[in-house]
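This is what each chain is made of:
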Amino acid sequence: MVIKISRTWADLCMVFVACIWGVTFVIVKNALADIGPFLFVGIRFVLAFFILAAMSYKDMLKVRLSTLTTGSLLGFFLCIGYAFQTLGLKYTSSSNAGFITGVSVVLVPIIYALMNKEKPGLITSLTVIMAAIGLFFISVPPGTFTLGYGDLLVLVGAFGFAMHIIFVDCYSHKYNAIAITGIQILFVGLACSAAGLLMEPVPPSLSHNTLLAITVTAVFATALAFLLQNYLQKFSTPTRFAVVLTAEPVFAALAGYLWAGEHLGRSGLIGAGMILIAMLLAIRGQA
C-alpha cells in the first residue's frame, strides 16, 4: 500500500535526512581511527541491509531480475560515492567533506546536459566556475596551489553521488521502494567489504565509539535515510529535494564546529559560501 503525502511533508522528511547525513561526517571521521574506510562502509551497509530486510521482508520478496540489475546500477554509483567520501575523510576535515560532497548538486545539471548531448547553459557554466573557485578556497591551504588529497578523494565521491541522484530520479519510481533500496545497500555492503578484506587489516577489536558509529550510520544514515529518499522522491521533485539537501554541508560544518572543534577559517568560509550559492543557482537553473 502506498501512502500519499504532501510535497511539504516529503521535503520536511528530507530535511531530517540532510541533518542525519551532515552530522554523520564527524561520527564517521572519528570511527576511522579504529577501522579502515572500506571495512567501515562494508559493515555499515551490510548491517543496514539486514535491518531493512528484517523490518520489511515481504517487500524484499518482491525483488525480481529487473530490480537486481537496476538496484545494482544505483548501488555501483552509491558505492563510488561512499567509498571515496569515507576514504577522503581520513585526510580532510568533516566540514570540508560536507561542502565538497555538496558539489554533487552542481554536477547533476552538468551531467544531465552531457548525457543529452546539450551545451551547458549560462547558469550551469556559472555554477561550475563558482563551485570550482569555492572548492579552491576551502580545499587548498593558504600559500599553496595543491588540492588536498582528502578533498580530491571526496570530490570523486561527489561525482558518484551525482550519478546516483540522476539514476534514482530515472528509475526509483518504477520499483518497490524497499526492494530497490535494499539491493542498492547490499551492493555497496558486499563490494566495500570485499575491498576492505583485500586491502585493509582486520582490526582485532573495535572501540565503543566505533561500534556506536557503525550502528548509528547503519540504522539512521543508511537504512532509514535511503528508504525515505527512494520513497519520498515520487511525491516531490528532484529540484525541491536538491534545495533541501543543500542543508547537508551546513549541518556537517555545524557538527564539526560543535563536536570536533573544526574551524573553516576566512578562506574556508568564503569557499563554503561560494559552494552554497553555486548549489542554489544550479537548483534554480533546473527549476
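Located above this text is the structure these notes cover.
Counting starts from 1 at the beginning of each chain's written sequence and moves along it residue by residue. In view of the model being predicted, local features appear only for residues whose pLDDT reaches at least 70, and side-chain atom pairs are presented and counted only at 80 or more, with totals across whole chains, interfaces and linings using the full set of residues. Computation of side-chain values covers all heavy atoms of the structure but excludes hydrogens and water.

1. A look at the overall build of the chain
Okay, step 1: Check the secondary structure of the chain and you find 13 helices and 0 strands.
Okay, step 2: Each helix corresponds to a stretch of at least 4 residues labelled H or I by DSSP, and each strand to a stretch of at least 2 residues labelled E; elements are numbered beginning at the N terminus. In sequence order, the secondary structure elements of the chain are arranged as α-α-α-α-α-α-α-α-α-α-α-α-α.
Okay, step 3: Looking at the chain as a whole, 53% of its 287 residues are labelled buried.
Okay, step 4: Note on contacts: a residue pair is in contact if any heavy atoms of the two residues lie within 4.5 Å. Counting only contacts in the chain whose residues sit at least 6 apart along the sequence, the fraction spanning at least 24 positions is 91%.
Okay, step 5: Note that accessible areas follow from Shrake-Rupley with a 1.4 Å probe, and for residues the cover is restricted to the protein chains shown. If you sum the accessible surface of the chain, you get close to 13,400 Å²; carbon and sulfur atoms cover 71% of it. Three exposure classes are used, based on accessible area relative to the maximum for each residue type with a 1.4 Å probe and protein chains only: buried under 20%, partly exposed in between, and exposed over 50%.

2. So, the side chain of Thr 92
Okay, step 1: Positionally, Thr 92 belongs in the loop between helix H4 (65-89) and helix H5 (94-101).
Okay, step 2: Here Thr 92 falls in the buried class, since its relative accessible area comes to 8%.

3. Observations regarding the packing of aromatic side chains
Okay, step 1: Pairing of aromatic side chains requires ring centres within 6.5 Å, counting the rings of Phe and Tyr and the six-membered ring of Trp. Pairs whose planes differ by under 30 degrees are stacked, by over 60 edge-to-face, and all others tilted. According to the stated counting rule, one finds 7 aromatic pairs in the structure shown.
Okay, step 2: Each ring, one from Tyr 82 and one from Phe 161, has its centre 5.1 Å from the other, and the planes form 85°; the classification is edge-to-face. Placement of the pair is Tyr 82 in helix H4 and Phe 161 in helix H8 (residues 149-171), with a sequence separation of 79 residues.
Okay, step 3: For the pair Phe 167 and Tyr 171, a centre-to-centre distance of 6.0 Å together with 10° between the ring planes defines the contact as stacked. Of this pair, Phe 167 and Tyr 171 both sit in helix H8, separated by 4 residues, roughly a single helical turn.
Okay, step 4: Take Tyr 171: its relative accessible area is 27%, and that puts it in the partly exposed class.
Okay, step 5: Taken together, the ring pairs connect Phe 76, Phe 77, Phe 167 and Tyr 171 into an aromatic cluster.

4. Focus on the packing of helix H6 (residues 103-115) against H8
Okay, step 1: The interhelical angle for the contact between H6 and H8, taken along N-to-C directions, is 60°, at an axis separation of 8 Å. Comparing their axes, H8 and H6 come out oblique. For the crossing formed where H6 meets H8, the hand is right-handed. Taken together, the residues of H8 that come into contact with H6 (itself represented by Val 103, Ser 104, Leu 107, Val 108, Ile 111, Tyr 112 and Met 115) are Leu 155, Ala 158, Phe 159, Phe 161, Ala 162, Met 163, Ile 165, Ile 166, Phe 167 and Asp 169.
Okay, step 2: Along the lines of polarity and charge, the residues of the contact of H6 with H8 split into 15 nonpolar, 1 polar and 1 charged. All axes are obtained by fitting lines to C-alpha atoms, using only the stretch in contact for helices, and the reported angles, taken between N-to-C directions, cover 0 to 180 degrees. Convention used here: angles under 35 degrees read as roughly parallel, angles over 145 as roughly antiparallel, angles from 65 to 115 as roughly perpendicular, and any remaining angle as oblique. Two helices cross in a left-handed way if the nearer one is turned anticlockwise from the farther one by less than a right angle. They cross in a right-handed way if the turn is clockwise. Residues are grouped as follows: Ala, Val, Leu, Ile, Met, Phe, Trp, Tyr, Cys and Pro are nonpolar; Asp, Glu, Lys and Arg are charged; all remaining types, including Gly, are polar.

5. A few points about a nonpolar patch on the surface
Okay, step 1: Taken together, the side chains of Ile 129, Ile 133, Phe 136, Phe 137 and Ile 270 make up a nonpolar region of the molecular surface, amounting to roughly 410 Å² of accessible area.
Okay, step 2: In terms of residue count, helix H7 (residues 122-139) provides more of the nonpolar patch than any other element does, 4 residues in total.
Okay, step 3: Here Phe 137 shows up in helix H7.
Okay, step 4: Among the residues examined, Phe 137 registers a relative accessible area of 31% and is labelled partly exposed. Like charges are joined within 9 Å and nonpolar side chains (Val, Leu, Ile, Met, Phe, Trp, Tyr) within 5 Å, but only among residues with over 30% relative accessible area and no salt bridge; these make up the patches. When a carboxyl oxygen of Asp or Glu is within 4 Å of a side-chain nitrogen of Lys or Arg, the pair counts as a salt bridge.

6. Quick look at the nonpolar core
Okay, step 1: Throughout this description, the term nonpolar core refers to a set of buried Ala, Val, Leu, Ile, Met, Phe, Trp, Tyr and Cys residues connected via side-chain atoms within 4.5 Å. If you look at the biggest cluster of nonpolar residues, it comprises 76 residues, and the most contacted ones within it are Trp 21, Phe 40, Phe 45 and Tyr 82.
Okay, step 2: Filtering out sequence-adjacent residues up to four positions away, Phe 45 remains in contact with Leu 78, Tyr 82, Ile 185, Val 188, Gly 189, Thr 222 and Phe 226.

7. Let's talk about the environment of Phe 50
Okay, step 1: Note on placement: Phe 50 falls in helix H2 (residues 37-55).
Okay, step 2: Residues Phe 50 and Ala 223 lie 173 residues apart in sequence; the distance between their C-alpha atoms is 9.1 Å.

8. Quick look at the packing of H2 against helix H9 (residues 177-199)
Okay, step 1: Relative orientation of the contacting elements H2 and H9 amounts to 150°, with a least axis distance of 7 Å. Between H2 and H9, the angle is such that the two are roughly antiparallel. The handedness of the crossing between H2 and H9 comes out as left-handed.
Okay, step 2: Looking at side-chain class alone, the contact of H2 with H9 contains 18 nonpolar, 6 polar and no charged residues.

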